[in-house]
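# A closer look at the structure
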Amino acid sequence: MDSPIEKRDEREEGEAESGDDEVRGSDEEGEDIKPEGDSDDDEDEDEDEEINEEDLKFIADDDEEESDIETAEKRKKRKKEKKEKRKRSEEIEQLSDDDLDLINENIGRRSKKKLRKKGDEDRDDLADMFNDEELDDIEPSKRPKDRKDIYDDDLDDLDDFIIRDDSDGDEDDEDRRKERRQIKQKRQEFAKNLGSEHGISDVAWRDIEELFGTGEDYAHALYLKPGQVLTEEDYNEDAEVPTVTKQTTIKDIWEPSAIAAGMLTEQDELIRIRDVPERYQSQESAYIPDDAEIAREAALHAKTLMRDHQNITENSLVTAITCVLRFIRRDRYEVPFIWAHRRDYFDGILNRMDLWKIVDLDEKFIEVELKKKQLIELILQIATVSPEIEHDTQIAGLVEKIVSLDDVTDTFAHIKLMYSIQLNQLEANGKQRRLFKKAPWKRLYDDAMENGIGNFAKLFNINQSDFINSVTGRQSLHFPENHDESPLDAAASFVCQRFPTPELVLKAGKNILSRQISIYPELRAFVRKVYKHDAVVVVEPTEKGLKEIDQFHPYHPFKFLRDKPVADFVNGQFLQILKGETDGLLKVSIRVEGEAELIGDFNKFICNDYVDEKAVLWNAERQSIAEDVCVNILFPQTVKWLKEHLALIASDDILNKCHLEMERKINMSPYKPGGDGSRSPTKPGQADNPCVVLSICWGDGTRNDPAFAVILKDTGEIQEYIRLDKLTDRDNVDDTKALLQLVQRHEPDIIAVGGFKPNTKTLLLKILEERVVGEGLNDRSLKYSIPVMIVEDETARIFMNSQTGLKEFPASDYHMLIRYCVSLGRYVQDPTTEYAALFNQDQDIKSVRLHPLQALVAEESLLKAIERSFINIVNECGVDINTVSAFPHLAGTLQFVSGLGPRKAQAMIAKINRQGSRLESRAALVQLYICGSTIFVNCASFIRIRDFHFAAGYRESQYDILDDSRVHPEDYDLARKMAADALDVPDAMEEDEDPSAHVLELMTGDVTRLDSLLLDEYAVELERRMHAPKRVCLNDIKQELMHRFQDRRMKFAGATPEQIFSMLTGESLDTLYDSVVTTLVVRVKERFLSCQLGSGLEGSIHISKIDTDGRSDLTQLFSENQALITKVMNVNLDRLQVDLSAKQEDIEDVQLKVDKYFDSDKQRIKQPERKKKMDKVERVVRTIQHPFWQSVNYRAAEAYLATRPRGEVVVRPSGKGNDHISITWKVDDGVYQHIDILESQKPNEWTLGKILTIDNLQFSEIDQIIAEYIEPMIRKASELIDHPKYQRKTLNEMYDYVNEQSSVLKRSAYGFIISQDKQMEAGTFLLVFRHPNNRPRKEIIRVHPSAFEFRSKRFKEINQLLDYFKTSEAEKVKAKPLVHPQRQQHIGQHPPPDNRQRLPDRHAPNDRRRDYNDPRRGPPQRSYGNSYPQRNY
């Protein structure tokens, strides 16, 4: 037994871990342990335990009856007892071991009572009405570093809910102590296993708890009996410990949305457990197909792939596809495994892209098959009320011919119409759910059929099958006979209450025939084929489009299109056209040039040749039916289908280009030290290991901006970083010396440079090359030359502001440029891994720029295309499983390994860490039950077991060299046989010897001996014996034995000149050449002007490119800080400069790229003359010398601000005349506020007035307006936008959101949005809220420079506004209590607790907000002298 001193030490250690003050004990068993700092004031204790009336009515968690509150006498008695205990607390050293055990068992970090934290007494109870309290308020610096510590803290919090009975001091028997220990042990096991049982690693679990909290606020709900409702007794100090038997699941702690985000649902767990590749588990069906189905599918896919394989016979293609389908659907192999180890079956016929196409085609095929089965089930249901459908040969033939989703849609529509009465009966009987909401025409059709009008329709004598065959075959097979009566006379016999006149009967009868004819699948397919081959597209702008689509608008190239064939839409242009149509800017029409001829065929084949009077009447009605079928039904349906088809083609084209671009970005090997001759590798013999990197960034590169230099270990972790405030100051050499000393201490292999402005290249790069590396070599403080390289920084820019980056390097501890430098250095160490880290739960990978139109494609499809790029490259280079298990920031690639996915990769790392944080062989994946056999077969050859993770003794005795090769374990024997044959030694090894010893001997010796092997003959013998082709496999093994895991990626290279230009200027060469931009004159000389674009790009204008009116001295015409409209004539990539022209003829002579089907004639007709005059007027606008001035209208200002950060400002002319100017500022994405400013005391029409007035507020200059009016509004708006309750949703979406939150959480819910109502002033916010059992409501919040306006009151802080809002709402509720229908039964008793933990908002209250003093983050602080916003056309 431990001594009392040892016990006290343990107690003090536990107190230090939980962060509590020193705790004093008592010598009575079960007595309270009170922190020393607690007040002895009885009044404080009374306040702590009282529940006010507001709590009783509005706070669901504190809803109790007054009768349940302890009487004053009991409280007084208990306080007296507590005082006596505190007096005896000085004697804690004399306690017995058992007493100390019990005390240690009871001690927690905080004292809890009535489900509330001890520190909550000062919190406004009204806040609970909307539950704004953050569940996780633990500072990252105080957070436990180890999962064990987290579990211990959770245990302490759970213990706080068990309040011991202090009235029976003698009950310290062994049974009670044993019971408490058992409860404590159960909680420990629950806390430790909750994450691990779901396959979550320690680091991932810490991230989850940081995001969603530890669950301690809901710990009282974890151990309840089924159906048990907690009462005050359960939390009273005098209560007994409740017996807990409830099996707690993760659903009891977190909301479903939080569980889904963390991939912790039951479905996620099933995906982890099932021995099926994760990416295959998204398919709707996992049934194993028979040979007939695979043969049918292979034949179908061969027809699709034949277009790209003209030189291959169809039989060979079908055979290859059949093998691939067996691998996919039966063996459940993924593409990387099939390509690497089953290529013998299709070598020379299919490539890797074909395999992915087959996977996609297989998914569509399975979907069609499932739809087909559903159709068959529907037919069987119809047969229960109409047995004749089983003998309907037409239906049977249609079902048999289904091969596409279009066929499914056509067949279903046909059955739905032809058997509508039977389906109505099934719906009425409850045997069939309503499939769709009926369209108006369908109700008319059903009414007509139910009233016998179908018999009248038969009098038209139209044989629909013959008629359709005539149309599709272009031959007359249909000859209808006429009825004896005229159409109206015949219709008179069918008059009824629903159709009381012959005219209505005739109309209904024709509608029946029109619908029945148009629903024939054969006819639909025929018309689709005609449109697919012969249709043309016509595009014209709407009135809105005529105003907004100018020559710089992205829609201008196709603003007018005349008869563009659908076959010519081969890129993503059609998606832009559809977007323009959705935005109300374009009108799109599709037609076939032979449309009149097609309608003529319909009219011709539906009529007969009779010429008598009745025949003419009947033929006229028949022709009206044919025209109705064409014009009103088939043609509009087909146009809609064709739009979807063209959109799909455009989307596929964009996705394919995104896939290839992503693959290009990540297909780059890590930087290899010594690859450029600068030095030898850091680690001899391990040249493929990551290098040590020094990454440096100067930010925006102004004199006041600090630079940061970061040293990264070869594992990607920070080893050291320094801040350099005066690096560019030649008079201050301290920073240069500090940087040189940093280089000397760590000897980096490369210096990676990144930045945001051109002076990164023009100044920082020279400092590093000359004053650091150059001088270090001159004075021999550096032993070798270190390459300095500007590196592409796309991943660094994303990581710098990402949630992943902030978790790893919190803003409170690390400057944003440190995160930038870390990602920059990791990119140098492995570009593939750093890009893969962006493929996370936050989906940061979507921020990667792959295609100009990638935002127009479906997000899910884009992610799928990107994922396949990673799958291809990652499986080519393999994944070091022990490295990714040890370093979470390197684990992003594991999810792309064949057979795995994000869930299985997460579970695999967790299992490896539980087994000892190291995997010793590939076989251990199965031996240690880390994965199943199917997953093992898929992933084994792509998992690398690197030898440097093990000691030399282990490598020599147990390590298998083939575990670090691309050879699959199923082929290890072949590799060993080949190595033995090449060495001319027996391949049989002793039982205690390394089976791959010959392989190791060969790899470390003369590998050219493998060339002597006759692999082709060996492959023939193997195929004869094993009945499996192995020729490609044997050659791959040979290459792997000669060059083990040779990196097949492209050699690492720094950023290209084009990439550097775009990276440091934000400009694109494609858009900059021949563009018209606004520039600022920074220096005036006699013969030229030096200018600066808004991006910081420098430009020059020679006097020959300026209209000078004969003057030869530019100093007489221009001054510094003057704005000019210029045209970019040339771009110098090396010097990062542009040549500009200010000549009017150059500016007007802009070569605009338009579509080859652009209708210039129609543009001249449609463009009003008034618009041309306005364009001329707009070119002669006033110019004010201010860095934010742009001579643009409001549309151009919004277009410019669209790509700028929130809070950016444009000062521009006003449409109200020259006595007004306007300021446009960006409130949020897509939201801009235009502020009108009245000028007075103007010296002349063109100069700026001396007094500027906004809403009766007067200012003297624009800078004063920005500083005192605009920037305060920016801060106020940002305060709302950055608030955790702000949502980027529409009003209807916000209504749905608060409805869901209020229903799920059983309490009031609210949030903010920006109003999108055009009737309201831009930048107006809405407070949307809902109380339980009430409808959602909205109220307006207006932003003013000094306050928020709400309900005609003004508040300086948003929290003040919310306090007023909650108080006023509580007062309203006080008169009429809020009672949710589902909770009425709990009135009068303690309500059942809400066991779910609220999903925290994306931005916690302690998050760092936008730093307005950081110029990289945009306005409001600006440097007026050094930058000028560029006009973005």
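Rules used in this analysis
Residues numbered from 1 in each chain as written. Predicted model: local features only at pLDDT ≥ 70, side-chain atom pairs only at ≥ 80, totals over all residues. Heavy atoms only, no water. Helix = DSSP H or I, 4+ residues; strand = E, 2+ residues; numbered from the N terminus. Expected span 1.5 Å × (residues − 1). Buried < 20%, exposed > 50% of the residue type's maximum accessible area, 1.4 Å probe, protein only. Contact = heavy atoms within 4.5 Å. Pairing = 2+ DSSP bridges. Axes fitted to C-alpha atoms, helices over the stretch in contact; angles between N-to-C directions. Salt bridge = Lys/Arg side-chain N within 4 Å of Asp/Glu carboxyl O. Parallel < 35°, antiparallel > 145°, perpendicular 65-115°, else oblique. Left-handed = near helix turned anticlockwise from the far one by under 90°. Nonpolar A, V, L, I, M, F, W, Y, C, P; charged D, E, K, R; others polar. Polar contact = N/O pair within 3.5 Å; in protein donor to acceptor, adjacent residues only side chain to side chain. Phe/Tyr/Trp six-rings, centres within 6.5 Å; stacked < 30°, edge-to-face > 60°. Lys NZ or Arg CZ within 6 Å of the ring centre and 35° of its normal. Core = buried A, V, L, I, M, F, W, Y, C linked by side-chain atoms within 4.5 Å. pLDDT = per-residue confidence, 0-100. Patch = residues over 30% accessible without salt bridge, like charges linked within 9 Å, V, L, I, M, F, W, Y side chains within 5 Å. Areas by Shrake-Rupley, 256 points an atom, 1.4 Å probe, with all protein chains shown as cover. Lys, Arg positive; Asp, Glu negative; His and termini not counted. Charge placed at Lys NZ, Arg CZ, Asp CG, Glu CD.

## Quick word on helix H40 (residues 972–983)
Counted at 1.5 Å a residue, the expected span for H40 with its twelve residues is 16 Å, and the 17 Å between its end C-alpha atoms agrees. Of the residues making up H40, those classed as buried are Tyr972, Leu974, Ala975, Arg976, Met978, Ala979, Ala980, Ala982 and Leu983. Here the buried face of H40 lies against helix H41 (997–1003), helix H42 (1015–1026) and helix H43 (1031–1042). Taken from the residues just after H40, Asp984 is the one with a positive phi, measuring 60 degrees.

## What about the sheet that holds strand E24 (residues 1348–1350)?
Strand order in the open sheet made by the five strands is E21-E22-E23-E24-E25, with antiparallel pairing throughout. What marks the edges here is a single partner per strand, and that holds for strand E21 (1309–1314) and strand E25 (1353–1355). Averaged over all adjacent pairs, the angle separating strand axes in this sheet is 30 degrees, with direction ignored. Here three bridges tie strand E23 (residues 1337–1343) to E24, and the two strands are oriented antiparallel to one another. Paired with Val1343 across the strands is Phe1348, a residue of E24. Here helix H50 (residues 1262–1281) sits on the sheet and contacts E21, strand E22 (1325–1330), E23 and E24; the angle it forms with E23, its principal contact strand, is near 150 degrees.

## Focus: the pattern of salt bridges
Enumeration according to the criterion identifies 59 salt bridges in this entry. Note that Glu859 and Lys846 form a salt bridge whose closest N and O atoms lie 2.9 Å from each other. You can see Glu859 sitting in helix H34 (residues 859–877) and its partner Lys846 sitting in the loop between helix H33 (831–836) and H34, a full 13 residues away along the chain. Across the pair Arg1009 and Asp984 runs a salt bridge whose closest N-O atoms are separated by 3.8 Å. Taken together, the positions of Arg1009 in the loop between H41 and H42 and Asp984 in the loop between H40 and H41 put the pair 25 residues apart, joining distant regions of the chain. With relative accessibility at 65%, the residue Asp984 sits in the exposed group.

## Some thoughts on the sheet that holds strand E2 (residues 561–565)
Read from one edge to the other, the open sheet built from three strands follows the order E2-E1-E3, with strand pairing classed as antiparallel. Only two strands of the sheet have a single neighbouring strand rather than two, namely E2 and strand E3 (586–592). Here the strands of the sheet are splayed against their neighbours by 25 degrees on average, with no regard to which way each runs. As defined by bridge partners, strand E1 (residues 535–541) adjoins E3 across seven bridges and the pair is classed as antiparallel. Looking at E3, one finds that Ala535 is bridged to Val592. Running over the sheet, helix H23 (residues 521–534) touches E1 and E3 and is turned about 115 degrees from E3. Across the sheet, helix H25 (residues 573–582) is in contact with E1, E2 and E3; its angle to E3 comes to roughly 125 degrees.

## Some points on the packing of helix H14 (residues 352–383) against H34
Following both chains from N to C, one finds H14 and H34 inclined at 135 degrees, their axes separated by 12 Å at the closest point. Viewed along their axes, H14 and H34 adopt a mutual orientation that is oblique. As for how H14 packs across H34, the hand of that crossing is right-handed. Contacts between H14 and H34 pair Arg352, Trp356, Val359, Asp360 and Glu363 from the former with Lys864, Arg868, Ile871, Asn872 and Glu876 from the latter. The class makeup of the residues in the contact of H14 with H34 is three nonpolar, one polar and six charged.

## Remarks on unusual backbone geometry
Backbone geometry places His1027, a non-glycine residue, at a positive phi of 60 degrees. Inspection of the secondary structure assignment puts His1027 in the loop between H42 and H43. Positive phi, close to 55 degrees, is recorded for Arg1351, a residue that is not glycine. Within the secondary structure, Arg1351 is located in the loop between E24 and E25.

## What to know about the side chain of Asp749
Its place among the elements puts Asp749 in the loop between helix H28 (734–746) and strand E7 (750–754). For Asp749, a relative accessible area of 0% translates into the label buried. A polar contact is formed between the side chain of Asp749 and the backbone nitrogen of Val692, at a distance of 2.7 Å.

## Brief notes about helix H30 (residues 794–801)
Buried residues dominate H30, accounting for six of its eight residues. Buried residues along H30 sit in contact with helix H27 (613–666), helix H31 (803–808), helix H32 (816–829) and H33.

## Examining the side chain of Arg342
In this structure, Arg342 sits in the loop between helix H13 (335–341) and H14. Not counting residues up to four positions away in its chain, the partners in contact with Arg342 are Phe327, Tyr333, Phe337 and Glu970.

## Remarks on the environment of Phe839
Within the secondary structure, Phe839 is located in the loop between H33 and H34. Its relative accessible area of 17% is what places Phe839 among the buried residues. Between the alpha carbons of Phe839 and Thr893 there is a distance of 8.9 Å; along the sequence they are 54 residues apart.

## Section: the packing of H14 against helix H17 (residues 420–429)
With their axes 9 Å apart at the nearest point, H14 and H17 run at an angle of 85 degrees to one another. Classified by the angle their axes make, H14 and H17 are roughly perpendicular. Residues Leu378, Gln381 and Ile382 of H14 form the contact with H17, whose own contacting residues are Gln422, Leu423 and Leu426. By residue class, the composition of the contact of H14 with H17 is four nonpolar, two polar and no charged.

## Focus on the packing of aromatic side chains
By convention here, two paired aromatic rings are described through the distance between centres and the angle between planes. On inspection of all chains with the given rule, the structure shows 32 aromatic pairs. Between Phe569 and Phe574 the ring centres are 5.4 Å apart and the planes differ by 80 degrees, which places this aromatic pair in the edge-to-face class. There is no split in this pair, since Phe569 and Phe574 are both buried. Consider the rings of Phe1355 and Tyr1364, whose centres lie 5.3 Å apart with planes at 35 degrees: the pair is tilted. Residue Tyr1364 is classed as partly exposed on the basis of its relative accessible area of 26%. These aromatic residues form a ring-pair network of at least three members: Tyr1310, Phe1312, Phe1329, Phe1350, Phe1355, Tyr1364 and Phe1365. Between the NZ or CZ atom of Arg343 and the centre of the ring of Trp339, over which it lies, the distance is 4.8 Å.

## Some remarks on the nonpolar core
Grouped together as the largest cluster of nonpolar side chains are 245 residues, with contacts concentrated most on Leu739 and Leu894. The element contributing the most residues to this core is H27, with 18 residues. Look past the residues within four positions of Leu894 in its chain and what remains in contact with it is Val879, Ile881, Val884, Leu900, Ala905, Met908, Ile909 and Ile943. Core analysis: the second largest hydrophobic core is formed by 41 residues, Val1227, Leu1280, Ile1281 and Phe1325 among them.

## Details of the pairing of E1
Across the seven residues of E1, seven count as buried, placing the element largely inside the fold. Side chains Ala535, Val537, Val539 and Pro541 of E1 all project onto a buried face; the interleaved residues Val536, Val538 and Glu540 project onto the opposite face, where all are buried too. Pairing geometry for E1 and E2, over three bridges, is antiparallel. Across the sheet, residue Val539 finds its bridge partner in E2, namely Leu561.

## What to know about the confidence of the model for the protein chain
With 73% of its residues at a pLDDT of at least 70, the protein chain reaches an overall mean of 76. For the stretch residues 216–245, pLDDT sits under 50, and the model shows 90 contacts to residues farther than four places along the chain or on other chains. Low confidence marks residues 1377–1433, where pLDDT is under 50. Its contacts with residues over four positions away, or in another chain, come to 178 contacts.

## With respect to a negative patch on the surface
Taken together, the side chains of Glu769, Glu770, Glu775 and Asp779 define an acidic patch exposed on the protein surface. Note on placement: Glu769 falls in helix H29 (residues 759–778).

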